[in-house]
Amino acid sequence: MRHELQSISSLLFGIAIVLLGSGLLGTLVGVQANQEQFSSTVIGLIQSAFFLGYVLGTFLCPLLIKRVGHIRVFATMAALGSATAMGFALWVHPLWWVLLRMVLGISVVGLYMVVESWLNEQSSHHSRGRVFAIYMSITLMALGFSQFLLLIEDNHGFIRFALTAVLFSLALIPVALTQTLEPKPISAPRSNLKELYLVSPLGVVGALVAGLASGAFWGMGAVFAQNIGLSVSSTSVFMSTVIFGGALLLWPVGYLSDRWDRRRVLIMVSFISVASVLGAALVLDASTPVLLLLAFLYGGVSFSVYALAVAHLNDHLKPGEVLEATRGILLVYGAGSALGPLIAGFCMAVWGPSGLLDYLAAILALLGLFGLYRTQRSAPIPPEEQGEFVPMIRTSQAVLEMYPEADLEPELDLALSTDSEEEAEPEAPPDSVSMDWDNSPDYEQERK
């Protein structure tokens, strides 16, 4: 394990630098747009463009990697990210910033893919779970510390954008100098979302709500903090508090989900998230320390929703089916992330800063209620039959091959077991539903 960590240390260092830059830039764009007096709806549109680019990049970047190779794509995306960061400072205009955010989303997911596919190549089968956990921890820590870069003095609105550009450029050095061989090309995600929903409705809805909430926080969290009167320094503390809450409480939540009915843990997490944001709404004008404490709690529980949804889905799959299904649910999460800032921005434009809290409370409460509804439709999976919880946040499909339960060579025709959440037809097996990822000609016959 020590030898493997040494071989991938340069890759981990490179992606940590990327995350410092992208984490800073995401918050900085919201802060700067708010200072330029863009409306909340416009800021939501700008921030949504990043996640739209992120989703587009999941399909575009694998083609580029296959054509020119990993290191050239990494160099291209690092240069593109650096130029994009400077573009925000060169011209302040909403439509220009929408375009830049979309390009940045493509750039960031391309950088993720290259590093993550290299990590896959360098990780042995028995250690990939630990490498996955280390990578996720580094991701959260880098994003958390990136918020403190906002404290750098910048009276002209240029220095912090320039710093972001520098970080994207510096990330190229450790990756370009790595001596490891280039890994195999990456596959674009593909799946039948309807069949995924039949397998686990709660898993798919949970991933969608996780994206809606996460996208709203990353896109509009800094705008919310400034609109309630927090300074730039306090805004950075607020953002980092939520992120570090997610980093620290993700493991305890996972521990509980491995020992209880995972659906009930997801329901509990949803309602605790609702309570935390409603509590924050009550103390907006009263106590900043209490607000930060509730922000820490919100991050600690809400950041686990996506991982719980993925784990719940995978509890009803065979190992050979996990990889493709997890790639599919990643698209659901990405779609939610793209819509989140746009909807949250509209809510803030109508109801003020508290509109973000109302929005988060509403969608998470709906997830909790939907979870309660599903528990009435099916029996729980015993904890001893559940798979192990794996802490994870938004990433590219490349890293999913390190997911401990994923089979690197999934079968072409997958027969996914349901979570007993749907009533089985009389002629069908009681606990299974067929999923055909490749649109086989025998699909209808198999269903019969």
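Scroll up to find the structure.
Residues numbered from 1 in each chain as written. Predicted model: local features only at pLDDT ≥ 70, side-chain atom pairs only at ≥ 80, totals over all residues. Heavy atoms only, no water.

A.B. asks: What is the right way to read a nonpolar patch on the surface from this model?
C.D. replies: On the surface, M141, F145, F148, L151 and V237 cluster together into a nonpolar patch covering about 390 Å² of accessible area. Tracing the sequence through the fold places F145 in helix α5 (residues 128–146). Residue classification places F145 among the partly exposed positions, given a relative accessible area of 47%. (Patch = residues over 30% accessible without salt bridge, like charges linked within 9 Å, V, L, I, M, F, W, Y side chains within 5 Å. Areas by Shrake-Rupley, 256 points an atom, 1.4 Å probe, with all protein chains shown as cover. Salt bridge = Lys/Arg side-chain N within 4 Å of Asp/Glu carboxyl O. Helix = DSSP H or I, 4+ residues; strand = E, 2+ residues; numbered from the N terminus. Buried < 20%, exposed > 50% of the residue type's maximum accessible area, 1.4 Å probe, protein only.)

A.B. asks: Which parts of the structure should I look at to understand the side chain of S257?
C.D. replies: Checked against the element boundaries, S257 lands in helix α10 (residues 232–259). Of the residues examined, S257 reaches a relative accessible area of 0% and is grouped as buried. Residue contacts for S257: discarding those within four places in its chain leaves R262, V265, L308, Q386 and F389. (Contact = heavy atoms within 4.5 Å.)

A.B. asks: Sorry, what's going on with the packing of aromatic side chains here?
C.D. replies: Each pair of aromatic rings is reported with the distance of its centres and the angle of its planes. Evaluated as defined, the whole model comprises 15 aromatic pairs. On the numbers, 5.8 Å between centres and 35 degrees between planes, the contact of W91 with W96 is tilted. Relative accessible area serves as the criterion here: at 28%, W96 is assigned to the partly exposed category. The aromatic ring of Y255 is capped on one face by R259, whose charged end is 3.7 Å from the ring centroid. (Phe/Tyr/Trp six-rings, centres within 6.5 Å; stacked < 30°, edge-to-face > 60°. Lys NZ or Arg CZ within 6 Å of the ring centre and 35° of its normal.)

A.B. asks: When you look at helix α9 (residues 201–227) in this model, what are you seeing that I'm missing?
C.D. replies: Along an α-helix, residues three or four positions apart point the same way, because every turn accommodates 3.6 residues. The terminal C-alpha atoms of α9, which comprises 27 residues, lie 37 Å apart, in line with the 39 Å expected from a rise of 1.5 Å per residue. Along α9, the largest kink reaches about 55 degrees and is centred on M220. Most of α9 is tucked away: 24 of the 27 residues are buried. (Expected span 1.5 Å × (residues − 1). Bend = angle between axes of the 7 residues up to and from the residue.)

A.B. asks: Which parts of the structure should I look at to understand helix α6 (residues 159–170)?
C.D. replies: Look at α6: 16 Å from first C-alpha to last across twelve residues, which is about the 16 Å you get at 1.5 Å a residue. Residues of α6 that are buried include every one of R160, F161, A162, T164, A165, L167 and F168, and no others.

A.B. asks: Looking at this structure, I do not really get the packing of helix α2 (residues 40–68) against helix α3 (residues 70–90). What am I missing?
C.D. replies: Across the interface, α2 lies against α3 with an axial gap of 7 Å and an inter-helix angle of 125 degrees. Classified by the interaxial angle, the pair formed by α2 and α3 is oblique. Across from C61, L64, I65 and V68 in α2, the residues of α3 making contact are H70, R72, V73 and M77. Along the lines of polarity and charge, the residues of the contact of α2 with α3 split into six nonpolar, one polar and one charged. (Axes fitted to C-alpha atoms, helices over the stretch in contact; angles between N-to-C directions. Parallel < 35°, antiparallel > 145°, perpendicular 65-115°, else oblique. Nonpolar A, V, L, I, M, F, W, Y, C, P; charged D, E, K, R; others polar.)

A.B. asks: Help me understand the nonpolar core, please; the structure alone is not making it clear to me.
C.D. replies: The biggest cluster of nonpolar side chains holds 126 residues, and the ones touching the most others in it are W97, F224, F238, Y306, L356, Y359 and L360. The leading source of residues in this core is α9, at 15 residues. (Core = buried A, V, L, I, M, F, W, Y, C linked by side-chain atoms within 4.5 Å.)

A.B. asks: Just checking my understanding: could you explain empty space enclosed by the protein for this structure?
C.D. replies: Over the atoms, a rolling probe the size of a water molecule traces out where space has been left empty. In this structure the tally under the stated criterion is five cavities of 30 Å³ or more. One number sums up the size of the largest cavity: a volume of about 220 Å³. Looking at the lining of the largest cavity, the elements that each hand over two or more residues are α5, α9, α12 (288–302) and α13 (304–314). Top contributing element to the lining of the largest cavity by residue count: α9, with five residues. (1 Å grid on protein atoms, 1.4 Å probe; cavity = no way out; pocket = protein on both sides within 12 Å on 5 of 7 lines; lining within 4 Å. Points joined across faces, edges and corners; volume = space filled by probe spheres on them.)

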